[in-house]
Amino acid sequence: MMLACFDIGGSQIKAAFAGSPGEIELGGSVPTPLDDFGAFAGAIGALIGGGAHAVKGVAISTTGVIDPSSGLLTCANIPCIHGRTIAADLSQAHGFPVFIANDADCFALAEALQGAGRGHRDVFGIILGSGVGGGLVIDGRIVTGAGGYAGEWGHGMALQTRAGTPPVDVPHVSCPCGSAGCVNTVGGARGMERLFKSLTGRDVASVDIVAGWTGGDAGCGRVVDVYLDLVSTVLALALNIVGATIVPVGGGLSNSLELVGALDERVRSKMLYKSPTPLLVPAQLTVNPAFIGAALIGFQELQRG
């Protein structure tokens, strides 16, 4: 049994083929058609290509959120698939069953079953990339929740307005979700840069902020202290609610083991459960977690009939 797997982002559609969740063969990639669904569906078909005779289904990891009750996709940065029942539409176009999930959910499932979360019943995977994402996996299955929003700890008016030691005022800024004061506005790489400019008046890249902090720079250290205070408070609350025993961390900021370790210490200090061992750990599947997660979902659904 072969699945065609896709990782769909705002700039590229990447393809792979899976004979099993652990057997991934990379395929091609094309720029993402943004405004023409016919071109979008055609790009999927072209990437399946000559292997269509062996493909039994299509599994997709995508940016955006899928409502599990209606199948509608909310994906503002790819207008041609926004508001569509994307799995049904692609299935009709190509004749294959199509299984689709949010990219953070695919990341969390891949880490839960084949990465850092192996052996844990309750896994909360988080992404600290350009923004903030998350996915919850319990007993080896993604928890989608109402509207598909389970695991989205990065959104909602949850940020403190004073943080750090000593405390400093932190302004709430608008988030692309339409709210303000979301962790997403400070927790990812762009958010850290925004926080740095708010506190210092200077534009500095996140990699340089983290490097300055680890190198002992006082200004970078002050900003990272505020960052850790803001992000850890909301993440600790999320973990109090979901009860995860491991939190794999992906995204660009997870490349700093020091930052992941510092965030873990802050989070554990604010939780009700005082874990004697780290909860936040770097993701293990640094290559193609989207494909692995999509394949896992596809094979799970095919096995369910």
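Residues numbered from 1 in each chain as written. Predicted model: local features only at pLDDT ≥ 70, side-chain atom pairs only at ≥ 80, totals over all residues. Heavy atoms only, no water.

## What about the pairing of strand E9 (residues 132-138)?
Point 1. Among the seven residues that make up E9, six are buried, leaving the element largely enclosed by the rest of the structure.
Point 2. The sheet contact formed by strand E8 (residues 122-128) and E9 spans seven bridges and is antiparallel. Within E9, the residue paired with Leu 128 across the bridge is Val 132.
Point 3. In this structure, the hairpin formed by E8 and E9 is closed by a connection of three residues.
Point 4. Judged from the three bridges that link them, E9 and strand E10 (residues 141-143) form a sheet pairing that is antiparallel. The partner of Leu 136 across the bridge, within E10, is Val 143.
Point 5. Joining the antiparallel neighbours E9 and E10 is a turn of two residues, in which Asp 139 adopts a positive phi near 55°. (Buried < 20%, exposed > 50% of the residue type's maximum accessible area, 1.4 Å probe, protein only. Helix = DSSP H or I, 4+ residues; strand = E, 2+ residues; numbered from the N terminus. Pairing = 2+ DSSP bridges.)

## Observations concerning the pattern of salt bridges
Point 1. All chains considered together, the criterion is met by eleven salt bridges.
Point 2. The salt bridge partner of Arg 266 is Asp 225, with a shortest N-O separation of 2.5 Å. Note that Arg 266 is positioned in helix H8 (residues 257-270) and Asp 225 in helix H7 (residues 218-242), a separation of 41 residues in sequence.
Point 3. One network of salt bridges, in which partners are shared, links Arg 141, Glu 301 and Arg 304. (Salt bridge = Lys/Arg side-chain N within 4 Å of Asp/Glu carboxyl O.)

## Side note on the environment of Gly 293
Point 1. Relative to the helices and strands, Gly 293 resides in helix H9 (residues 289-303).
Point 2. Take Gly 293: its relative accessible area is 0%, and that puts it in the buried class.
Point 3. Between the C-alpha atoms of Gly 293 and Asp 203, which are 90 residues apart in sequence, the distance is 36 Å.
Point 4. Residue contacts for Gly 293: discarding those within four places in its chain leaves Cys 106, Leu 109 and Ala 110. (Contact = heavy atoms within 4.5 Å.)

## Remarks on the sheet that holds strand E1 (residues 2-8)
Point 1. Read from one edge to the other, the open sheet built from five strands follows the order E3-E2-E1-E4-E7, with strand pairing classed as mixed. The open sheet has two edge strands, strand E3 (23-31) and strand E7 (98-102), and neither has a second partner. Along the sheet, successive strands turn relative to each other by an average axial angle of 20°, direction set aside.
Point 2. As judged from the seven bridges shared by E1 and strand E4 (residues 55-62), these two strands associate in the parallel manner. Each residue of the ladder has a partner; that of Ile 8, found in E4, is Thr 62.
Point 3. Of the strands in this sheet, E4 and E7 touch helix H2 (residues 86-94), which is tilted by about 150° from E7. (Axes fitted to C-alpha atoms, helices over the stretch in contact; angles between N-to-C directions.)

## Quick notes on helix H6 (residues 206-214)
Point 1. Among all positions in H6, only Ser 206, Ile 209, Val 210 and Gly 212 are buried. Around the axis of H6, the buried residues are gathered within 160° of arc, so they sit on the same side.
Point 2. In the core, the buried residues of H6 are packed alongside helix H5 (189-200), H7 and H8.
Point 3. Residue Gly 216 follows H6 closely and has a positive phi angle near 95°. (Arc of directions from axis to C-beta.)

## Digging into the packing of H5 against H6
Point 1. In contact at an axis separation of 8 Å, H5 and H6 are set at 70° when each is read in the N-to-C sense. Taken together, the axis directions place H5 and H6 in an arrangement best described as roughly perpendicular. H5 and H6 meet at a crossing whose hand is left-handed. Counting all contacts with H5, which are made through Ala 189, Arg 190, Met 192, Glu 193 and Phe 196, the residues of H6 involved are Ser 206, Ile 209 and Val 210.
Point 2. Across the contact of H5 with H6, the residue classes break down as five nonpolar, one polar and two charged. (Parallel < 35°, antiparallel > 145°, perpendicular 65-115°, else oblique. Left-handed = near helix turned anticlockwise from the far one by under 90°. Nonpolar A, V, L, I, M, F, W, Y, C, P; charged D, E, K, R; others polar.)

Interpretation in functional terms is not warranted from these geometric data alone.
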